[in-house]
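Reading the structure
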Amino acid sequence: MWLIGHDGWVAKPFASSADTADQTRTLELLADGVYALTAQGDPNVGAVEGEDFLVCIEALATPVAAAGWLARLREHTGKPVRYLVLSHYHAVRTLGAAAFQAPVIVAHEQTRALIAERGEQDWHSELARMPRLFQEPASVPGLTWPTVTFTDQLTIQLGGGRGELVLRYAGRGHTAGDLVAWLPRQRVLFAGDLVESQAALYTGDAFHADWAGPTLDAVAGLGAETLVGGRGAVARGPAAVAAAIDQTRRFLAVMRQQVGAVHRRGGSLAEAFAASHAALAPQYGRWPIFEHCLPFNVSRLWDELSGIDWPRIWTVQRDREVWDQLQR
Ligand SMILES: [Zn+2]
């Protein structure tokens, strides 16, 4: 759906609001007792079996959406969910938590702080940006609060000869509080939105310099052989894992080059957006959520280059203002 304005300009539909086509969901077995559900560019989720319990990774946007994933998982295992791991605070990954009935909800301490600071605004912002992901939005009982948080690392012993699941903080990146979930024995990594595999990056709450440098170095340093990114297909094999990480790094590098050049010469935000769009579109333009994300990405990077360290809070109103300024 494209809207034609009175003066002849063509407006792009706001964010992903016109994206109403359901995506095919694929449940994949990555190793014994290790599952991923991917969805053609919609947010990915995962699960890891312990001896007599389950660890679920990410919660989707609503309990109704999460219940659909749990039904798929229940075709493979009936173990109760003991832990729900949230990679970061974004609504489309946290607000479905109630469906898991997990006694323990784990996140990084910064994720808890971000939910307290901006969870409410983020909920409304993401609902307006991506309405399709919020199946039965009234089923969300409220914000999701982690019950256990950590700063550097938290290890869950899986028992029964299954090894361990290591939750690690790799540094500031997609948000201030992203964790990755790492299975050293199986060499499987759930990277959250720190790595995308053939999907565009969302950097509206990001720390671009840290993410492109030490944070992705730390992620790459784990030596994963299978990687589940925040969106997109599972990367299988060291070459595919490296390609996913490189793609993420390149996306950030091109944005930093383009926005940085306009910022240094005293240009405008709109010029920075146009330059980034032109430079990224040939490789990334057809990937999921590219058009949706870019205005918010460039706006945040512009702030970062202007010395605003802590990302400003996105609200429904601010979303629209930035969109109308850049994407028309
Ligand atoms: Zn996110």
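Residues numbered from 1 in each chain as written. Predicted model: local features only at pLDDT ≥ 70, side-chain atom pairs only at ≥ 80, totals over all residues. Heavy atoms only, no water.

Under the definition given, this model contains 19 salt bridges. Between Lys79 and Glu49 there is a salt bridge whose closest N-O contact spans 2.7 Å. Here Glu49 lies in strand β5 (residues 42-49) and Lys79 lies in the loop between α1 (63-73) and β7 (81-85), a separation of 30 residues in the sequence. Judged by its relative accessible area of 9%, Glu49 falls in the buried class. Counted as one network, the salt bridges with shared partners bring together Asp32, Glu49, Lys79 and Arg162. (Salt bridge = Lys/Arg side-chain N within 4 Å of Asp/Glu carboxyl O. Helix = DSSP H or I, 4+ residues; strand = E, 2+ residues; numbered from the N terminus. Buried < 20%, exposed > 50% of the residue type's maximum accessible area, 1.4 Å probe, protein only.)

What follows covers the nonpolar core. Counting 48 residues, the largest nonpolar core has Leu189, Val195, Val219, Leu227, Phe251, Leu280 and Phe296 as the members making the most contacts within it. Those elements giving two or more residues to this core turn out to be β12 (179-183), β13 (188-192), α4 (208-221), α5 (238-264), α6 (269-284), α7 (290-305) and α8 (316-326). Top element by residues in this core is α5. It accounts for nine residues. The contact partners of Phe251, leaving out residues within four places of it in the chain, are Ala200, Leu201, Leu280, Tyr284, Phe290 and Asn297. Core analysis: the next-biggest nonpolar cluster, separate from the first, contains 25 residues, Ala36, Leu179, Phe190 and Val234 among them. (Core = buried A, V, L, I, M, F, W, Y, C linked by side-chain atoms within 4.5 Å. Contact = heavy atoms within 4.5 Å.)

The next point concerns the sheet that holds strand β8 (residues 104-108). An order of β3-β4-β5-β6-β7-β8-β9 is seen for the seven strands of this open sheet, with the pairing classed as mixed. Every other strand in the sheet has two partners, leaving β3 (26-31) and β9 (148-150) as the edge strands with one partner each. With strand direction ignored, the average angle separating the axes of adjacent strands in the sheet is 20 degrees. Pairing between strand β4 (residues 34-39) and β5: five bridges, direction antiparallel. Note on β5: the bridge partner recorded for Val34 is Val48. In this fold helix α3 (residues 109-129) packs onto β8 and β9, with an angle of close to 95 degrees to the strand it touches most, β8. (Pairing = 2+ DSSP bridges. Axes fitted to C-alpha atoms, helices over the stretch in contact; angles between N-to-C directions.)

So, on to the sheet that holds strand β11 (residues 164-169). The six strands are arranged β10-β11-β12-β13-β14-β15 in an open sheet whose pairing can be described as mixed. With partners counted over all chains shown, the strands left at the sheet margins are β10 (153-157) and β15 (235-236), one partner each. Where β11 meets β12, four bridges bridge the pair, whose relative direction is antiparallel. Paired with Leu167 across the strands is Ala181, a residue of β12.

What follows is about α4. In this model, α4 (14 residues) spans 19 Å end to end at C-alpha, consistent with the 20 Å of a helix rising 1.5 Å per residue. Those residues of α4 not exposed but buried are His208, Trp211, Ala212, Gly213, Thr215, Leu216 and Val219. Those residues of α4 that are buried are in contact with β12, β13, α5 and α7. Just beyond α4, the residue with positive phi is Gly223, at close to 75 degrees. (Expected span 1.5 Å × (residues − 1).)

Below, the discussion takes up the coordination of the zinc ion. Coordination of the zinc ion by the protein is provided by His88 (NE2), His90 (ND1), His174 (NE2) and Asp193 (OD), with metal-donor distances spanning 2.1 to 2.3 Å. Given four donor atoms and angles of 90 to 176 degrees at the metal, the environment of the zinc ion is assigned as irregular. In the primary sequence, the donor residues of the zinc ion line up as H-x1-H-x83-H-x18-D. With a gap of 19 residues between them, His174 in the loop between β11 and β12 and Asp193 in the loop between β13 and α4 connect regions that are remote in the sequence. (Donors = N, O, S within 2.8 Å, 3.2 Å for Na, K, Ca; no water. Tetrahedral: all angles 85-135°; square planar, octahedral: opposite > 155°, others 65-115°.)

Going through the model one piece at a time under the given rule, you end up with four cavities of 30 Å³ or more. Residue lining of the largest cavity: 16 residues in total, with His90, Glu126, Met130, Tyr202 and Arg231 positioned closest to the centre. Sorting elements by how many residues they give to the lining of the largest cavity places α3 first, with three residues. Among the residues making up the lining of the largest cavity, the classes are represented as five nonpolar, three polar and eight charged. (1 Å grid on protein atoms, 1.4 Å probe; cavity = no way out; pocket = protein on both sides within 12 Å on 5 of 7 lines; lining within 4 Å. Points joined across faces, edges and corners; volume = space filled by probe spheres on them. Nonpolar A, V, L, I, M, F, W, Y, C, P; charged D, E, K, R; others polar.)

Let us look at the layout of surface pockets. Space inside the largest pocket adds up to approximately 570 Å³. Considering the residues around the largest pocket, the lining is formed by 27 residues, among which Ala15, Ser16, Asp19, Ile289 and Glu291 are closest to the centre. Per element, the largest residue contribution to the lining of the largest pocket is three residues, and it comes from α7. Classifying every residue of the lining of the largest pocket gives 13 nonpolar, seven polar and seven charged.

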